[in-house]
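The lines below spell out each chain.
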Amino acid sequence: MLTEITKQNIQRILAELPDGVALVAAAKTRTPEEILEAVQTGVKIIGENYVQEARRAYEVVGKRAKWHFIGTLQKHNVRKKIVQMFDMIETVDSMEIAREIDKKCTQIGKIMPILIEINSGREKQKSGIFPEDAEQLIRGVSGLSNIKLMGLMTMGPRFGNPEEARPYFIATRMIFDKIKQINLPNVEMRYLSMGMTNSYKIAIEEGANIVRIGTKIFGERDYGSS
Ligand SMILES: *Cc1c(COP(=O)(O)O)cnc(C)c1O
């Protein structure tokens, strides 16, 4: 069950986001019932990090929400059921994953909207492609007929002073603007997914039109139980 506080959090965030900025509720560790209640409170897009969790939630919530994949995608996880359920995959960072999505989508006759994840902090252990390699990947992905590239996503630092995230958002937006200038097939640069609980206001200032918020909606995550 969602608490009243959680419902108020959702309503407050939805009311405060500027027009044209979409909220993705980052739902990791939440139960399908909690996610359904969040949708009934006004959330339109659910962000899922884990394939198993997503499938359980989808069984309960179904098409009442849009589903964005925001986790780390392994090649073996790109199954038909997965490309069927998701409305967008925000975390494509290699040609290998893009080709796999394209292949599965071709089999089911779907064109998948995707974002390229930029590792704007250039941290080796983090997912996403380094800024300097993004254009080459984007040119490669634009050759895949069952993928539609619709923008970029980045994480940036999750904790600390939100101002520290600003340079990461600026770096990502610069790539976004540059790709927008180039006319590539199957590419329509429309979405910039940046900012989480700690940093979404800064991200919006730097051009984000998708923000992914978990903690500020649902409270701190408890990975210990369940
Ligand atoms: C968990 C998560 C978020 C939300 O993070 P919060 O700090 O809880 O708002 C956003 N994006 C991704 C990719 C995540 O995994």
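Rules behind the numbers
- Residues numbered from 1 in each chain as written.
- Predicted model: local features only at pLDDT ≥ 70, side-chain atom pairs only at ≥ 80, totals over all residues.
- Heavy atoms only, no water.
- Helix = DSSP H or I, 4+ residues; strand = E, 2+ residues; numbered from the N terminus.
- Rg over C-alpha atoms; globule rule 2.2 N^0.38 Å.
- Buried < 20%, exposed > 50% of the residue type's maximum accessible area, 1.4 Å probe, protein only.
- Contact = heavy atoms within 4.5 Å.
- Areas by Shrake-Rupley, 256 points an atom, 1.4 Å probe, with all protein chains shown as cover.
- Lys, Arg positive; Asp, Glu negative; His and termini not counted.
- Charge placed at Lys NZ, Arg CZ, Asp CG, Glu CD.
- Right-handed = clockwise from strand over helix to strand, strands pointing away.
- Polar contact = N/O pair within 3.5 Å; in protein donor to acceptor, adjacent residues only side chain to side chain.
- Core = buried A, V, L, I, M, F, W, Y, C linked by side-chain atoms within 4.5 Å.
- Near = heavy atom within 4 Å.
- Nonpolar A, V, L, I, M, F, W, Y, C, P; charged D, E, K, R; others polar.
- Pairing = 2+ DSSP bridges.
- Phe/Tyr/Trp six-rings, centres within 6.5 Å; stacked < 30°, edge-to-face > 60°.

Caption draft 1: Fine view of the overall build of the chain. The secondary structure content of the chain amounts to nine helices and eight strands. Rg of the C-alpha trace for the chain: 17 Å, near the compact-globule value of 17 Å for 226 residues, within the 12% margin. Along the three orthogonal principal directions, the C-alpha set of the chain runs to about 45 × 40 × 35 Å. Put simply, the chain has 226 residues, and 51% of those count as buried. By sequence separation, contacts in the chain at least 24 residues apart represent 61% of the contacts at least 6 residues apart. By element, 50% of the accessible surface of the chain is carried by carbon and sulfur atoms, the whole surface being about 10900 Å². Seen as two clouds, the 33 positive and the 28 negative side-chain charges of the chain have centres 5 Å apart.

Caption draft 2: Seen up close, the pairing of strand β5 (residues 112-118). With seven of seven residues buried, β5 is to be regarded as a mostly interior element. Side chains M112, I114, I116 and I118 project from β5 onto one buried face, and the interleaved P113, L115 and E117 project onto a second face that is buried too. In this fold, the crossover linking β5 to strand β6 (residues 147-154) by way of helix α6 (residues 134-141) has right-handed handedness.

Caption draft 3: Region of interest: the side chain of S120. Tracing the backbone through its elements, the reader meets S120 in the loop between β5 and α6. Here the side chain of S120 touches T154 through a polar contact of 2.8 Å, side chain to side chain. Residues within four places of S120 in sequence aside, it is in contact with P131, T154, G156, Y168 and T172.

Caption draft 4: Quick peek at the nonpolar core. Grouped together as the largest cluster of nonpolar side chains are 64 residues, with contacts concentrated most on I101, I114, I116 and L152. Sequence-distant contacts of I101, that is, excluding residues within four places in its chain, are made with L73, V78, V83, I89, V92, M112 and I147.

Caption draft 5: Molecular detail of the site of the ligand. Around the ligand sit 14 residues, and of these K28, N49, T197, T215 and R221 come closest. Interatomic distance of 2.5 Å between a side-chain N/O atom of T197 and an oxygen atom of the ligand. In the model, an oxygen atom of the ligand is placed 2.8 Å from a nitrogen or oxygen of the G214 main chain. Computed on the free molecule, the ligand has an accessible area of 390 Å², of which 96% lies beneath the protein chains in the complex. The residue inventory of the shell around the ligand, partitioned by class, reads six nonpolar, four polar and four charged.

Caption draft 6: Focus on the side chain of S199. As for its placement among the helices and strands, S199 is situated in the loop between β7 (187-194) and α8 (200-205). For S199, a relative accessible area of 1% puts it in the buried group. Discounting chain neighbours no more than four positions away, the residues touching S199 are P162, A165 and F169.

Caption draft 7: A look at the environment of R30. Mapped onto the elements of the fold, R30 is located in the loop between β1 (22-26) and α2 (32-40). Under the relative-accessibility criterion, R30 is labelled buried at 14%. In the structure, R30 is positioned 18 residues away from E48 in sequence and 10.0 Å away in space, judged by C-alpha atoms. Once you skip the residues sitting within four places of it in the chain, R30 turns out to touch I35, F218, G219, E220 and R221. Reaching out from R30, the side chain makes a polar contact with the backbone oxygen of G219 at a distance of 2.9 Å.

Caption draft 8: Region of interest: the pairing of β6. Where burial is concerned, most of β6 is hidden: seven out of the eight residues are buried. By the bridge criterion, six bridges tie β5 to β6 in an arrangement that is parallel. Within β6, the position partnered with I116 by the bridge is L152. Read from β6 through helix α7 (residues 166-181) to β7, the crossover connection turns out right-handed.

Caption draft 9: Fine view of the packing of aromatic side chains. If you walk through the whole model with that rule in mind, you get two aromatic pairs. An angle of 75° between the planes, with centres 5.6 Å apart, marks the rings of Y58 and W67 as edge-to-face. Residue W67 is classed as buried on the basis of its relative accessible area of 1%. Measuring from ring centre to ring centre gives 5.3 Å for F69 and F86, while their planes differ by 85°; the resulting arrangement is edge-to-face. Here F69 is found in strand β3 (residues 66-69), whereas its partner F86 is found in the loop between α4 (80-85) and β4 (88-92), with 17 residues between them in sequence.

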